[in-house]
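What the coordinates show
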Amino acid sequence: MMALGFFNTYSRALEEFSPRDPPNVSIYTCGPTVYSNAHIGNFRAYIFEDLLQRHLETRGFKVHRVMNITDVDDKTIRGAREAKISLTDFTEPFKRRFFEDLETLRIKPANEYPGATEPRYLARMIEMIAELIKSDLAYQAEDKSVYFRINKFPNYGKLAHLNLEELRPTGRVRSDEYEKENIGDFALWKAWDEADGEVAWDSPWGRGRPGWHIECSAMATTLLGDQLDIHCGGVDNIFPHHEAEIAQSEGVTGKKFVRYWMHCAHLLVDNQKMSKSLGNFYTLRDVIAKGYSGREVRYALLRVHYRAPLNFTFEGMEESRQALARINKWLERLRETSGSASPEEQRAPVPNNDFQQALDDDLNISGALGVLFESIRETNRAMDANELGPAAAKAWLQWWDGINQVLALDAAETLALPPEIEALAEARRLARLAKNWQKSDELRKDLNARGWEVRDTKDGQKITRRVGPEP
Ligand code: AMP
Ligand code: ZN
């Protein structure tokens, strides 16, 4: 069996992973376009990338990850124009909320978050476009915009597995996103037009702005060099975005741009892609407002293999809640059992690394979670039969610590209660102080009805979210 392997979109095959300069691994991930709050479909992509990074790290690799922020493109410009504010004023709050959401979902921060409008990247874009013109891979058209000449780049279409002869590229495309049927020379630099308003920079080809694709090529090569180990995104990025990134980057450097292309399948709603344009999306904030925690959303988005479509439902959220409750109870039990371990007993070996081995196989998370729940079942059975000693319980806790490096699903939730629950809890605390037991009981019932459990302990009342029966 292969030690560690990933499915490479470029070859459409599972390949053994071997980075250029081990143990270092460079990863570039296309980040959000900050024209609205990211939806949980977007976060499925970022959680898959987080799983990838964390697993590589447990396997001893040193990951350097860059995630760009697309802060100028067709969509952000339209948004700013409609809101009648500057582009930066428009994108800033979405950027801030995006970082908050990453934290809620326990996604490890990237090493860098370059923004397309930063001067050093704009300079690099212009430099790359000039190179491409010099080698005849790009040209300025009558509309003053600069386009990439796709029939001069023999590898064009290799990533998306396009048959250019069948598709017969015709004409040029100025917009950032288009279908395979509209294939053509794509825009590197878009000459200013009225719709751009104040959004424009000077270039050797006149005032204008970069196309979305050249932004990523410039940011990636500036920060990670000409050759990257891994480039990720959702499957919708394959064409035209990543196809264009290859053409631009390799057109300039003459070197293979990316060793492993990894793409996650979409998050679906009623079996359709969750997307802004279809209007069938939930933001993370929408789901949190329904009473779910970041940890629960993380689990729900993580639990299905990244290359399999995942249909989002609130039943799925409930299942996730129950799975996590199960983990919580198991950990509590292990902690109780391990409590009396004597120092020499504490040296029991960590049970196995089946979890990590499952992930070695193209991040097979369902297999890995299968290992976790099977282990929970077995150790629970052993604890029921009084057959699991303190040292073994301790070893299982260590085992959990190991896999939790990847899962990031520990219960330590510093989650604030929703405001209305906080208010009821506070009212109940005051009622108890005043020894108004009737009111305290009513408030407990109210909290129960809203799905919250109240326990009175010697340290005061504890409010937890009520969980369903164990599966
Ligand atoms: P965008 O902000 O549209 O550029 O998308 C940011 C990232 O989210 C890209 O990597 C997309 O491929 C990914 N993405 C968008 N919609 C979905 C979805 N429904 N499921 C999974 N990933 C998605
Ligand atoms: Zn990109």
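Computed from a prediction, not measured in an experiment: that's the story for all the values here. (Residues numbered from 1 in each chain as written. Chains lettered and ligands numbered in written order. Predicted model: local features only at pLDDT ≥ 70, side-chain atom pairs only at ≥ 80, totals over all residues. Heavy atoms only, no water.)

Quick notes on the environment of W399
Mapped onto the secondary structure, W399 falls in helix α13 (residues 390-407). On the basis of relative accessibility, which here comes to 2%, the residue W399 falls in the buried class. Taking C-alpha positions, W399 is 7.7 Å from N352, a pair spaced 47 residues apart along the chain. Not counting chain neighbours up to four residues away, the residues in contact with W399 comprise W330, V350, P351, N352, F355, V371, L372 and S375. (Helix = DSSP H or I, 4+ residues; strand = E, 2+ residues; numbered from the N terminus. Buried < 20%, exposed > 50% of the residue type's maximum accessible area, 1.4 Å probe, protein only. Contact = heavy atoms within 4.5 Å.)

Description of the pattern of salt bridges
Scanning the model with the defined rule gives 33 salt bridges in all. E177 is the salt-bridge partner of K75, the closest N and O atoms lying 3.3 Å from each other. In this pair, K75 is assigned in helix α2 (residues 74-83) and E177 in the loop between β7 (172-173) and β8 (185-191), connecting sequence segments 102 residues apart. Across the pair K190 and D176 runs a salt bridge whose closest N-O atoms are separated by 2.8 Å. Here K190 is found in strand β8, whereas its partner D176 is found in the loop between β7 and β8, with 14 residues between them in sequence. Like K190, the residue D176 is buried in the burial classification. Look at the salt bridges and you will find they share partners, linking D74, D176, K190, D196 and R209 into a network. (Salt bridge = Lys/Arg side-chain N within 4 Å of Asp/Glu carboxyl O.)

Side note on the coordination of the zinc ion (ligand 2)
Bound to the zinc ion (ligand 2) on the protein side are C30 (SG), C216 (SG) and H241 (NE2), at distances that span 2.0 to 2.2 Å. Donor residues for the zinc ion (ligand 2) sit on one chain with the sequence pattern C-x185-C-x24-H. Taken together, the positions of C216 in helix α6 (residues 212-224) and H241 in helix α7 (residues 238-253) put the pair 25 residues apart, joining distant regions of the chain. Residue H241 is classed as buried on the basis of its relative accessible area of 1%. (Donors = N, O, S within 2.8 Å, 3.2 Å for Na, K, Ca; no water.)

Details of the site of ligand 1
In the vicinity of ligand 1 there are 18 residues, among which G234, D236, N237, L267 and M274 approach most closely. One of the backbone nitrogen or oxygen atoms of T33 is found 3.1 Å away from an oxygen atom of ligand 1. Residue L267 places a main-chain N or O atom 2.7 Å away from a nitrogen atom belonging to ligand 1. Where the shell around ligand 1 is concerned, the elements lending two or more residues are α1 (40-58) and β10 (228-234). (Near = heavy atom within 4 Å. Polar contact = N/O pair within 3.5 Å; in protein donor to acceptor, adjacent residues only side chain to side chain.)

Focus on the domain arrangement of the protein chain
Entries for the protein chain in the domain assignment read domain 1 (7-264), domain 2 (284-407) and domain 3 (419-465). Each of domain 2 and domain 3 was reduced to a C-alpha centroid, and the two centroids are 30 Å apart. (Domains from an automatic or database assignment.)

Considering the sheet that holds strand β4 (residues 62-67)
Taken in spatial order, the four strands of this open sheet run β4-β3-β10-β11, and their pairing is parallel. At either end of the open sheet lies a strand with only one pairing partner, and these are β4 and β11 (258-264). Between one strand axis and the next, the sheet turns by 20 degrees as a mean value, whatever way the strands run. Pairing geometry for strand β3 (residues 24-29) and β4, over six bridges, is parallel. Each bridged residue has a counterpart across the sheet, and for T29 the counterpart in β4 is M67. Contacting β3, β4, β10 and β11, α1 crosses the sheet at an angle of about 150 degrees to β10. (Pairing = 2+ DSSP bridges. Axes fitted to C-alpha atoms, helices over the stretch in contact; angles between N-to-C directions.)

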